[in-house]
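These are the residues of each chain, in order.
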Amino acid sequence: MNYKNSLRRLAGVVVAGTVLALAAGSALAQAHKGKKVILLGADDICEYCAVYNDAVRKFAKDAGIELELVTNKFDAAQQAAQVEQAIAKKPDAILLWTIDGTALFPAMRKVKAAGIPLLLTDVEPDMKMSDLWIQYTGGNYEGSGRLAAQLMVDAFKAKGLGTSGDIILITGIIGQAQTMSIDKGFREELKKLAPGIRIVGSQPGNWDTGTATEAATGLFTKYGKNIKGIYSHEDLMLQGALVAAERAGIDLKTLAAVGRGCEPAGIANIKAGRQYATTKQSPIDEARYAIDSVVNHFAGKKMEKSVYVPMPKVTAANVDQECQAWPKR
């Protein structure tokens, strides 16, 4: 009889413990609901940024997170001031798209000193300072640069150019962490794979099609038809560079052109044979990963320091599978 009572009591304890565990798990799963998060990001003047901003608002709303979005036009000094303003509002967390990873370190230190959780999106600064943030989600920029170098070598072969020739680069904004990382990955990988493919000129396109057109025009004026390839840090900038190439009398079918982003311009150019390849980086993926990061933090989950969005190589063979059209605004 006592044995049966002991079993009943033990069963009761197990059931009660299970119920409490389930309740605790449910509470953690809902811990992000109603949390106030400030996202400090980039202005809609950048098409990629605009799609990201729309997507991150939607994902935050779906998750029940109160998201305040504060943007600026790629001005690091302004963003540093915005960080201080965000700290004063005492949000539950700050999500930061650093306009300039290096310049924002002092501002990040202030966030840490204020005891506010800091999560990063889109731009991964120098990992030597990684104690300042909980998690980064977004692109592996150095990795995408290496993939682009591999695609450039493939493009040379596909165009019958062999493994030697002169190319030019159209980069993002000089000094930005992502620009430096992409450039580093591309140059190192290209030198390793095909030292005969030489980078003879590089100019910033500043993530803008018009600026990229002007930059490429100057390079074509200087190097003329000796240029056999172009690598651009963004498909939209490559679109401008291709316009400059045509104006310089270069047949795009003979040009090894590689971009980045799987952006609408890149998709169209690949399908039209004007661009050989790109590497994917979806603003929608980045937005979803950013909100998942916030949710996981509040749920108390173990957080890896860096979580990268998918960034596969894309050519005409898989463009329809990998590159989805961006939502129209």
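Every chain is numbered on its own, with residues counted from 1 as its sequence reads. Residue-level local features of this predicted model are given only where pLDDT is at least 70; pairs of side-chain atoms are given and counted only at 80 or more, and the full residue set underlies all totals for whole chains, interfaces and linings. For side-chain calculations, the full set of non-hydrogen atoms in the structure is used, while hydrogens and water are omitted.

It is not clear to me how the overall build of the protein chain should be interpreted in this structure. Could you clarify?
On a plain count of helices and strands, the protein chain comes out with 11 helices and 12 strands. Dimensions of the protein chain, computed from the C-alpha atoms along their principal axes, are close to 95 × 45 × 40 Å. Accessibility here uses a 1.4 Å probe with only protein chains present; expressed as a share of the type maximum, an area under 20% marks a residue as buried, one over 50% as exposed, and anything in between as partly exposed. Here the protein chain holds 329 residues, and 49% of them are scored as buried. Sequence-distant contacts, at least 24 apart, represent 74% of the contacts inside the protein chain between residues at least 6 apart. As displayed, the protein chain offers around 14900 Å² of accessible surface, 55% of which is attributable to carbon and sulfur atoms. Positive: Lys, Arg. Negative: Asp, Glu. His and the chain ends are not part of the count. To locate a charge, the coordinates of NZ of Lys, CZ of Arg, CG of Asp or CD of Glu are taken. With 40 positive and 34 negative side-chain charges, the protein chain shows a separation of 6 Å between the mean positions of the two kinds. A run of DSSP states H or I qualifies as a helix once it reaches four residues; a run of E qualifies as a strand once it reaches two. Both are numbered from the N-terminal end. The contact criterion used is simple: two residues touch if any of their non-hydrogen atoms lie within 4.5 Å. The accessible surface values rely on the Shrake-Rupley method and a 1.4 Å probe; as for residues, cover is taken only from the protein chains in view.

For this particular structure, what's the right way to read the state of the cysteines?
By definition, a disulfide links two cysteine residues through a covalent bond between their sulfur atoms. We call a pair of cysteine sulfur atoms a disulfide when they lie within 2.5 Å. Within this structure, the stated rule accounts for 2 disulfides. In this model Cys262 forms its disulfide with Cys323; the gap between the sulfur atoms is 1.7 Å. Its S-S torsion of approximately -55° makes the covalent link between Cys262 and Cys323 left-handed. With Cys262 in the loop between strand 9 (256-258) and helix 9 (264-272) and Cys323 in the segment after helix 11 (319-322), the pair connects residues that are 61 residues apart, well separated along the chain. Ordering the disulfide-forming cysteines of the protein chain by sequence position, one finds them joined as 1-2, 3-4.

Any chance you could explain the pairing of strand 8 (residues 227-232) here in plain terms?
Every regular strand shows the same layout, with side chains that alternate between the two sheet faces. Within strand 8, 5 of the 6 residues are buried, which leaves the element mostly enclosed by the surrounding structure. At least two DSSP bridges between two strands are required for those strands to pair. As judged from the 5 bridges shared by strand 6 (residues 165-171) and strand 8, these two strands associate in the parallel manner. Along strand 8, the bridge assignment pairs Ile168 with Ile230. When strand 8 meets strand 9, the two strands line up parallel, connected through 3 bridges. Its bridge partner being in strand 9, Ile230 is matched across the sheet by Ala257. When the strands point away from the viewer and the connection leading from the first strand across the helix to the second strand turns clockwise, the crossover is called right-handed. Since strand 8 and strand 9 lie parallel, the crossover through helix 8 (residues 235-247) that links them has a hand, and here it is right-handed.

Looking at this structure, how should I read the packing of helix 3 (residues 76-88) against helix 4 (residues 105-113)?
If you want to describe how two helices pack, look at the angle between their axes and the distance between the axes. Taken N-terminus to C-terminus, the directions of helix 3 and helix 4 make an angle of 5°; their axes are 9 Å apart at the nearest point. One finds that helix 3 runs roughly parallel with respect to helix 4. Where helix 3 abuts helix 4, its residues Ala80, Val83, Glu84 and Ile87 lie against Ala107, Lys110 and Val111. Throughout this entry, Asp, Glu, Lys and Arg are counted as charged residues, while Ala, Val, Leu, Ile, Met, Phe, Trp, Tyr, Cys and Pro are counted as nonpolar. The remaining residues, Gly among them, count as polar. A class-by-class count of the residues in the contact of helix 3 with helix 4 yields 5 nonpolar, no polar and 2 charged. Axis lines are fitted through C-alpha atoms, for helices just across the contact stretch, and the angle between N-to-C directions can take any value from 0 to 180 degrees. Here the word oblique covers every angle except those under 35 degrees (roughly parallel), over 145 (roughly antiparallel) and from 65 to 115 (roughly perpendicular).

Would you take a moment to explain the sheet that holds strand 9 for this structure?
Adjacent strands of a sheet pair through backbone hydrogen bonds, lying either parallel or antiparallel. Overall, parallel pairing links the 4 strands, which are arranged 7-6-8-9 in an open sheet. A strand with exactly one partner marks an edge of an open sheet, and here the two such strands are strand 7 (197-204) and strand 9. Across the sheet, the mean angle from the axis of one strand to that of its neighbour is 20°, orientation sign disregarded. With respect to the sheet, helix 8 is in contact with strand 6, strand 8 and strand 9, its orientation differing from that of strand 8 by roughly 155°.

Can you help me understand the sheet that holds strand 11 (residues 306-308) in this one?
The strand order 2-1-3-4-5-11 describes an open sheet built from 6 strands, whose pairing is parallel. Two strands bound the open sheet, and with one partner strand each, they are strand 2 (66-72) and strand 11. When strand polarity is set aside, the average angle formed by the axes of neighbouring strands in this sheet is 20°. Relative to strand 11, strand 5 (residues 135-138) runs parallel, the two being bridged by 3 bridges. Bridge pairing in strand 11 places Tyr136 opposite Ser306. Along the sheet, helix 10 (residues 283-298) makes contact with strand 1 (36-42), strand 3 (93-96), strand 4 (118-121), strand 5 and strand 11, crossing strand 5 at roughly 155°.

Help me understand the layout of surface pockets in this model?
Left-over empty space is what a probe sized like a water molecule reveals as it rolls over the atoms. Method remark: on a 1 Å grid restricted to protein atoms, a set of points is classed as a cavity if a 1.4 Å probe fits but cannot get out and as a pocket if it is open with protein on both sides within 12 Å along at least five of seven lines; lining residues have an atom within 4 Å of a point. Grid points are joined across faces, edges and corners, and a volume is the space filled by probe spheres set on the points. The computed volume of the largest pocket comes to approximately 210 Å³. As for the largest pocket, its lining consists of 15 residues, of which Glu124, Asn140, Tyr141, Glu142 and Ser181 are closest to the centre. Sorting the residues of the lining of the largest pocket by element identifies helix 5 (141-158) and helix 6 (177-193) as the ones contributing at least two each. Counting residues per element, the lining of the largest pocket draws most heavily on helix 6, at 5 residues. Residue composition of the lining of the largest pocket, by class: 7 nonpolar, 4 polar and 4 charged. Empty space within the second largest pocket amounts to approximately 160 Å³.

Note that all results are geometric; they support no functional claim without further evidence.
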